[in-house]
Amino acid sequence: MIEELLAAWIGRQRWFGGKGRPIDDLSIESDVLLRPGLRHLIVAVWQEGARDRYQIFLGERHDLPDRLNHALVGSLGDAYFYDAVHDADAMSWLLEGMAGDETRSGLRMRHAPGVVIDTSQRSLVLGAEQSNTSLVYGDSYICKLFRRLVPGVNPELEIISALAVRSAPNIAQPYGWIEADVDGTDTTLAFMQEYLSNANDGWDLALTSVRDLYASLPGVTAAEAGGDFAAESVRLGVATARVHQELAAAFPTDLVEIPEVKRMAEGFRRQLGRAMAEVPELRRHVAALEDAYHQVELLTREVPVQRVHGDYHLGQVMRTPTDWVVLDFEGEPGQPLAERRALSSPLRDVAGMLRSFDYAARHLLADHPQAAELQPRAEAWADRNRTAFLDGYREGGGMITVGDAALLRAFELSKAVYEVVYEARNRPSWVSIPLAAFHPRPA
């Protein structure tokens, strides 16, 4: 049975969320024939009493070419079944379906208003993703396929579509999407945007700057090194403020009243308690964390909240020849959809980017033989670019008052607490990076 082949195969996939746990059952909930030899499946996977749904593009051939051997799911009789996202010939259906606004057995393919999709582009799978699969079509489009399905409209489709209507800057233009009903709810299966073929990843650019500083002569400052990143950090801060303004204009906003602000501080404390139980080393920093959370409790005014990015860091921004572009508005994929769509302080995004500057500066020092010598340079680079980013954010119209500074610090430390737990679980040699966040910073 095809279900048995899928059950044996799916647990080995990078995007499968239940790795390390046995699969109790797998069933096919939806099976749509897209063209001969190509089916779109939604499968239910049961593990330890919980169900997750995944979408699979299942190809079938009687002669599997060598270029698709790595995508083999399994064989039944003389038929080979394979993960068809790796088959450019098969995946041309995606462009054709969106261009034609096709509907097949409840699978709805749509294009954004006013756009024309070039169906001649051929696809290539990007290999770096963990939870999704993205296809690049020539130099024109990038289509993100959401492998694990969560009922509801994906925040990325919702946000980018709303900002595009406003002709907002600093985003990649939307081209189309695929949707279907899951549990009776309109659910996003895929989202296609403009592909920024001539842009550079923010994380890579920042690391180049850090490497240039580390390779420079002793005594050379972050401002004097050849790859100084501060001017780009200012521009990124401006772009971030603009995106926040556009989000506030496109979606509802609100104010968090004082009692709820105090409950935010309690939420930070509960997170810290859970983290300390897992990483006892955090106990040494309780005083600094408690002081930061107490400053939030002392706030005497309401806190503005709005739609935000939700998972903001240097890997989510691209530098084009003209400006910075912000990507991946879906929030943290592991969080419930309601939390990803919830209103929050824009300072949450600002804090995420500040933490990313620290990571860019320090992660190259993990296991580095000259880490102690380079540590002051790492701190200087991070502080210079953090300050530049905040300057740009204010220049772009972002508000950071004295009270905001207390909340920003709490968001940043809360993010660092999360990072400590993540690194302890996955990269123990990197735990020192987020732990450094709890030491006093220059004013």
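See the structure shown above.
On a predicted model such as this, the values are computed, not experimentally measured, just so you know.

### A word on the pattern of salt bridges
And then number 1: Summed over all chains, the structure comprises 41 salt bridges.
And then number 2: The closest approach of N and O atoms between R67 and D87, which form a salt bridge, is 3.8 Å. Of this pair, R67 sits in the loop between β3 (50-61) and β4 (72-76) while D87 sits in the loop between β5 (79-83) and α2 (92-99), and the two are 20 residues apart along the sequence.
And then number 3: A relative accessible area of 44% means that R67 is categorised as partly exposed.
And then number 4: Notably, a salt bridge pairs E102 with R104, separated by 2.6 Å at the nearest N-O pair.
And then number 5: Judged by relative accessible area, E102 falls into the partly exposed class, the value being 24%.
And then number 6: When its relative accessible area of 25% is taken as the criterion, R104 is described as partly exposed.
And then number 7: Here the salt bridges do not stand alone but share partners, grouping R61, R67, D87, D89 and R122 into one network.

### Quick look at the layout of surface pockets
And then number 1: The space that makes up the second largest pocket amounts to roughly 1,200 Å³.
And then number 2: As for the second largest pocket, its lining consists of 36 residues, and the residues nearest its centre are F268, E339, R348, F411 and S414.
And then number 3: Listed by contribution, the elements that provide at least two residues to the lining of the second largest pocket are α6 (258-278), α8 (337-341), α9 (347-362) and α11 (402-426).
And then number 4: In terms of residue count, the dominant contributor to the lining of the second largest pocket is α6 (nine residues).
And then number 5: Looking at side-chain class alone, the lining of the second largest pocket contains 14 nonpolar, 10 polar and 12 charged residues.

### A closer look at α2
And then number 1: In terms of burial, α2 is a largely internal element, six of the eight residues being buried.
And then number 2: Buried within α2 we find S92, W93, L94, L95, G97 and M98.
And then number 3: Positive backbone phi, at 50°, marks D101, one or two positions downstream of α2.

### Focus on the packing of aromatic side chains
And then number 1: Tallied over the full model, the rule gives 12 aromatic pairs.
And then number 2: Through successive ring pairs, a cluster of aromatic residues spans F229, W324, F357, W381 and F389.
And then number 3: Sitting over the ring of F251, R307 keeps its end group 4.9 Å from the ring centre.
And then number 4: The side chain of R427 reaches across the aromatic face of W430, ending 3.9 Å from its centre.

### Things to note about the sheet that holds strand β12 (residues 174-182)
And then number 1: Spatially, seven strands are ordered β6-β7-β12-β13-β10-β9-β8 in an open sheet, and the strand pairing comes out antiparallel. Here the strands that pair on one side only, and so sit at the sheet edges, are β6 (103-104) and β8 (123-125).
And then number 2: Packed on one face of the sheet, α2 meets β7 (107-111), β9 (132-137), β10 (141-146), β12 and β13 (185-194) and runs near 70° to β7.
And then number 3: Across the sheet, helix α3 (residues 155-165) touches β10, β12 and β13, and the angle it forms with β13 is around 55°.

### A short note on the sheet that holds strand β14 (residues 200-201)
And then number 1: Reading across from one edge, β14-β17-β18 is the order of the three strands in this open sheet, with antiparallel pairing throughout. Each having just a single partner strand, β14 and β18 (324-326) make up the two edges of the open sheet.
And then number 2: Along the sheet, helix α5 (residues 230-250) makes contact with β17 (317-319) and β18, crossing β18 at roughly 45°.

### Here's the deal with the side chain of E158
And then number 1: Relative to the elements of secondary structure, E158 occurs in helix α3.
And then number 2: Among the polar contacts made by the side chain of E158, one reaches the side chain of R341 at a distance of 2.7 Å.

### Focus: empty space enclosed by the protein
Where empty space is left in the structure can be found by rolling a water-sized probe over the atoms.
And then number 1: Counted under the stated rule, the structure contains one cavity of 30 Å³ or more.
And then number 2: Reported here for the largest cavity is a volume of approximately 40 Å³.
And then number 3: Around the largest cavity, the lining residues are L299, R301, V303, P304, G403, D404 and L407.
And then number 4: When contributions to the lining of the largest cavity are tallied by element, the ones reaching two or more residues are β16 (303-305) and α11.
And then number 5: With three residues, the top contributor of residues to the lining of the largest cavity is α11.
And then number 6: Residues that form the lining of the largest cavity fall into these classes: four nonpolar, one polar and two charged.

Thresholds, definitions, all that
Residues numbered from 1 in each chain as written. Predicted model: local features only at pLDDT ≥ 70, side-chain atom pairs only at ≥ 80, totals over all residues. Heavy atoms only, no water. Salt bridge = Lys/Arg side-chain N within 4 Å of Asp/Glu carboxyl O. Helix = DSSP H or I, 4+ residues; strand = E, 2+ residues; numbered from the N terminus. Buried < 20%, exposed > 50% of the residue type's maximum accessible area, 1.4 Å probe, protein only. 1 Å grid on protein atoms, 1.4 Å probe; cavity = no way out; pocket = protein on both sides within 12 Å on 5 of 7 lines; lining within 4 Å. Points joined across faces, edges and corners; volume = space filled by probe spheres on them. Nonpolar A, V, L, I, M, F, W, Y, C, P; charged D, E, K, R; others polar. Phe/Tyr/Trp six-rings, centres within 6.5 Å; stacked < 30°, edge-to-face > 60°. Lys NZ or Arg CZ within 6 Å of the ring centre and 35° of its normal. Pairing = 2+ DSSP bridges. Contact = heavy atoms within 4.5 Å. Axes fitted to C-alpha atoms, helices over the stretch in contact; angles between N-to-C directions. Polar contact = N/O pair within 3.5 Å; in protein donor to acceptor, adjacent residues only side chain to side chain.

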